[in-house]
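As a plain string of letters, each chain reads:
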Amino acid sequence: MMYEIKDDPELLEISFERLKNNILQNADKPVGEVMVKVTHTVNYEDHMLKIIYEMCDQQYSLLPVMKDNEVVGVIRTV
């Protein structure tokens, strides 16, 4: 292992609180008010290096994958 990282049990609590607050703030809103519009897609036949470059360069965290003008999946950063 290159780096030794110690677990921090507090991180889960911080993440949960943030998620819970976000859910409560948006629970009563229509989907159209909270959705993220699709501004870019990738093709099913595109090479992964091209997609990784696009995601890093444009700071995308999720891209729909298109095949024959239909969404067949998504690529996301994790």
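Asker: Which residues make up the overall build of the protein, and what are the values?
Answerer: Looking only at helices and strands, one finds 3 helices and 3 strands in the protein. Secondary structure elements of the protein occur, N-terminal to C-terminal, as α-α-β-α-β-β. In the protein, which comprises 78 residues, the share counted as buried stands at 8%. Sequence-distant contacts in the protein: of pairs separated by 6 or more residues, those separated by 24 or more amount to 14%.

Asker: Account for the layout of surface pockets, naming residues and giving values.
Answerer: Approximately 230 Å³ is the volume found for the largest pocket. In terms of lining residues, the largest pocket is bounded by V36, K37, V38, T39, H40, Q59, Y60, S61, L62, L63 and P64.

Asker: Kindly report on the nonpolar core, identifying the contributing residues and their values.
Answerer: Ranked by size, the top nonpolar core spans 5 residues in total: V42, I51, M55, L63 and V65. For this core, the secondary structure elements donating two or more residues are α3 (48-58) and β2 (62-67). Filtering out sequence-adjacent residues up to four positions away, L63 remains in contact with H40, V42, I51, M55, G73, V74 and I75.

Asker: Tell me what's going on with the sheet that holds β2, and back it up with residues and numbers.
Answerer: Spatial ordering of the open sheet is given by β1-β2-β3, a layout of 3 strands whose pairing is mixed. The open sheet has two free edges, formed respectively by β1 (42-43) and β3 (70-76), since each of these has just one partner strand. Bridge count for β1 against β2 is 2 bridges, and the pairing is parallel. Directly across from N43, in β2, lies its bridge partner M66. On the sheet, α3 packs against β1, β2 and β3 and is oriented at approximately 65° with respect to β3.

Asker: For the pattern of salt bridges, give the residues involved together with the corresponding values.
Answerer: Throughout the structure, instances matching the rule amount to 2 salt bridges. Among the ionic pairs, K20 bridges to E17, the shortest N-O distance being 3.6 Å. With K20 and E17 both in helix α1 (residues 10-26), this residue pair falls 3 residues apart, about one helical turn. For K50, the salt bridge identified is with D46, shortest N-O distance 3.6 Å. According to the relative accessible area criterion, K50 is partly exposed, its value standing at 48%.

Reading guide: rules and limits
- Residues numbered from 1 in each chain as written.
- Predicted model: local features only at pLDDT ≥ 70, side-chain atom pairs only at ≥ 80, totals over all residues.
- Heavy atoms only, no water.
- Helix = DSSP H or I, 4+ residues; strand = E, 2+ residues; numbered from the N terminus.
- Buried < 20%, exposed > 50% of the residue type's maximum accessible area, 1.4 Å probe, protein only.
- Contact = heavy atoms within 4.5 Å.
- 1 Å grid on protein atoms, 1.4 Å probe; cavity = no way out; pocket = protein on both sides within 12 Å on 5 of 7 lines; lining within 4 Å.
- Points joined across faces, edges and corners; volume = space filled by probe spheres on them.
- Core = buried A, V, L, I, M, F, W, Y, C linked by side-chain atoms within 4.5 Å.
- Pairing = 2+ DSSP bridges.
- Axes fitted to C-alpha atoms, helices over the stretch in contact; angles between N-to-C directions.
- Salt bridge = Lys/Arg side-chain N within 4 Å of Asp/Glu carboxyl O.

Shape descriptors only; they carry no functional weight alone.
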